[in-house]
Structures are given as structure tokens and as C-alpha cells.
Amino acid sequence: MNKEKTLCIIKPNAINDNNIGNIVARYEKENLKVVAMKMVKLTKERAEGFYIEHKERPFFGSLVNFMTSGSVVLIVLEGDEAVSKNRKIMGATNPADAEPNTLRKLYARSLEANAVHGSDSLPSAEREISYFFTDDEIFPRS
Ligand code: GDP
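Attention here is on the structure that accompanies the text. The shown structure was predicted, so the numbers you read here are calculated from the model rather than taken from an experiment. (Residues numbered from 1 in each chain as written. Predicted model: local features only at pLDDT ≥ 70, side-chain atom pairs only at ≥ 80, totals over all residues. Heavy atoms only, no water.)

1. So, unusual backbone geometry
Let me state the cut-off plainly: Helical segments are the DSSP runs of H or I of at least four residues, strand segments are the runs of E of at least two, and each set is numbered from the N terminus. Buried, partly exposed and exposed residues are distinguished by accessible area as a fraction of the type maximum, computed with a 1.4 Å probe on protein chains only: under 20%, between the cut-offs, and over 50%, respectively.
Despite not being glycine, Asn18 has its phi angle at roughly 60°, a positive value. Structurally, Asn18 can be placed in the loop between α1 (12–16) and α2 (20–29). What makes Asn18 exposed here is its relative accessible area of 65%. One non-glycine residue with positive phi stands out, namely Asn31, at about 65°. Within the secondary structure layout, Asn31 lies in the loop between α2 and β2 (33–40).

Rendered as C-alpha cells:
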């Protein structure tokens, strides 16, 4: 098994619905460990930079608006196969297609307001973690 790190973002809708604790508890139960965490309000520029790969998509502006509509919680998770494990725990992008008991099935409000972000590959995870965290803000655990 490969120990990996991945980025999770708890999106504004999940914060509004008081689901921070439920989401973090689920990761801990599944043995993904929190090694960094902070709550921030993204600026438009920071959200645009994060989602730069979607710049040409028709929903880009709406997604950036949503992600800056309230605070978000940024979390670095660590564990065996953390990237793919987190994608499985989150469920499909569209909550209508998400498996039962996935975070998006449980806590999303719409395709856009789908409760959580999770890195989709190891290279993305590395880029995304370093986009938000410096090395001295991350506390790896055994
Ligand atoms: P993810 O990796 O599962 O988050 O999916 P994507 O990278 O394809 O999309 C990034 C985020 O954009 C998703 O998590 C949704 O919040 C949002 N999104 C994706 N597709 C759509 C869409 O068709 N319309 C809108 N409004 N938002 C979308």
C-alpha cells in the first residue's frame, strides 16, 4: 500500500449545513488522517487559480462564485492510497449519480454545491496541497 496525501475542501454548502464534523469524522473512521487543516474565505483570484483547468468550461464563473460565497475548510488527508480512497468516499461529481452513503450523496445540495472537493490524481494532489499549504503547516503522522 502506498501512503499518500490528498487535498479535501469542505465546500460552503456543507459548512452552511453544519456538516464539517460529520465529514471529518467520516475520514477519521475510514483511517484517513488529518495532517493539516484551516478555514479560509477564498478570494476570486485564489479560487480561479485553484480551478484553472476548468477555465474554459461554461460553469467556471458560477463555480468560482459558489466557492467564494462563504468560507471553506482546507484539509490535507494522509493514508494508504489516500487519493483514490478519498474519491471513493466522496462519490461521483453529480450527487444524483453518487453511491449511497458517499459524502456527496449524503451532503450535496446540487451538482455544483456538492459538499466536498478531492484531488483526482497524485500530481493534482501535490499541486493542490502546495497551492494552499506550506510544508511547515503539514504534520505527517505514523
Ligand atoms: P470533481 O473532480 O468530482 O470535483 O469534478 P470536476 O473536476 O469535473 O468539477 C469541479 C467542480 O465543478 C465539481 O466538484 C462541481 O462543484 C463543479 N461542477 C462540475 N460540473 C459542473 C456543471 O456541469 N455545472 C456546474 N454548475 N458545476 C459543475
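2. What about the site of the ligand?
This is how it is decided: We call a residue near a molecule or strand when any one of its heavy atoms sits within 4 Å of it. Think of a polar contact as two N or O atoms within 3.5 Å of one another; within protein, one of them needs to be a possible hydrogen donor and the other a possible acceptor, and neighboring residues in sequence only count if both atoms come from side chains. The residue classification treats Ala, Val, Leu, Ile, Met, Phe, Trp, Tyr, Cys and Pro as nonpolar and Asp, Glu, Lys and Arg as charged. All others, Gly included, are polar.
Neighbouring residues of the ligand: Lys11, His54, Phe59, Leu63, Arg87, Thr93, Arg104, Leu111, Glu112 and Asn114. A distance of 3.0 Å is found between an oxygen atom of the ligand and a side-chain nitrogen or oxygen belonging to Lys11. Between the ligand and Thr93, the relevant distance is 2.5 Å, taken from an oxygen atom to a side-chain nitrogen or oxygen of the residue. Tallied by class, residues from the shell around the ligand come to 3 nonpolar, 3 polar and 4 charged.

3. So, the side chain of His54
Inclusion rule: In what follows, residue pairs with any heavy atoms lying within 4.5 Å of each other are defined as contacts.
By the element assignment, His54 lies in the loop between α3 (44–50) and α4 (60–67). Among residues more than four places away in sequence, those in contact with His54 are Phe59 and Phe60.

4. Points about the environment of Thr68
Following the sequence through the fold, Thr68 ends up in the loop between α4 and β3 (72–80). Classification of Thr68 as buried rests on a relative accessible area of 18%. With residues up to four places along the chain from it excluded, the contact list for Thr68 reads Lys41, Leu42, Thr43, Lys44 and Ala47. Looking at Thr68, its side chain comes within polar contact range of the main-chain oxygen of Val64, at 2.9 Å.

5. Describing helix α5 (residues 82–90)
We apply this condition: The arc in question is the one spanned by the directions pointing from the helix axis to the C-beta atoms.
When α5 is considered as a whole, its buried residues turn out to be Ala82, Val83, Asn86, Ile89 and Met90. Along the axis of α5, the buried positions cluster into a sector of 130°, meaning they face one direction only. In this structure, the buried residues of α5 make contact with β1 (3–10), α2, β3, α6 (103–107), β4 (116–118) and α7 (122–132). Positive phi shows up at Gly91, right after α5, with a value of about 90°.

6. Overview of the pairing of β3
So the rule is basically this: What makes two strands pair is DSSP finding at least two bridges between them.
The buried fraction of β3 amounts to 8 of the 9 residues, a majority that puts the element mostly inside the structure. With 8 bridges joining them, β1 and β3 adopt antiparallel strand pairing. Looking at the pairing, Lys3 lines up with Asp80 of β3.

7. With respect to the nonpolar core
Definition in use: Here the nonpolar core consists of buried residues drawn from Ala, Val, Leu, Ile, Met, Phe, Trp, Tyr and Cys, with membership extended through side-chain atoms lying within 4.5 Å.
With 22 residues, the main nonpolar core has Leu7, Ile9, Phe132 and Phe133 as its most contacted residues. Element by element, the count of residues in this core is highest for α4, at 5 residues. With residues up to four places along the chain from it excluded, the contact list for Phe132 reads Leu7, Ile9, Lys38, Leu42, Arg46, Phe50, Leu74 and Glu137. Membership of the second largest hydrophobic core comes to 19 residues, among which are Ile15, Val34, Ile89 and Met90.

8. As for α4
Among the residues of α4, those classed as buried are Phe60, Leu63, Val64, Phe66 and Met67. Viewed along the axis of α4, the buried residues span an arc of 160°, placing them on a single side of the element.

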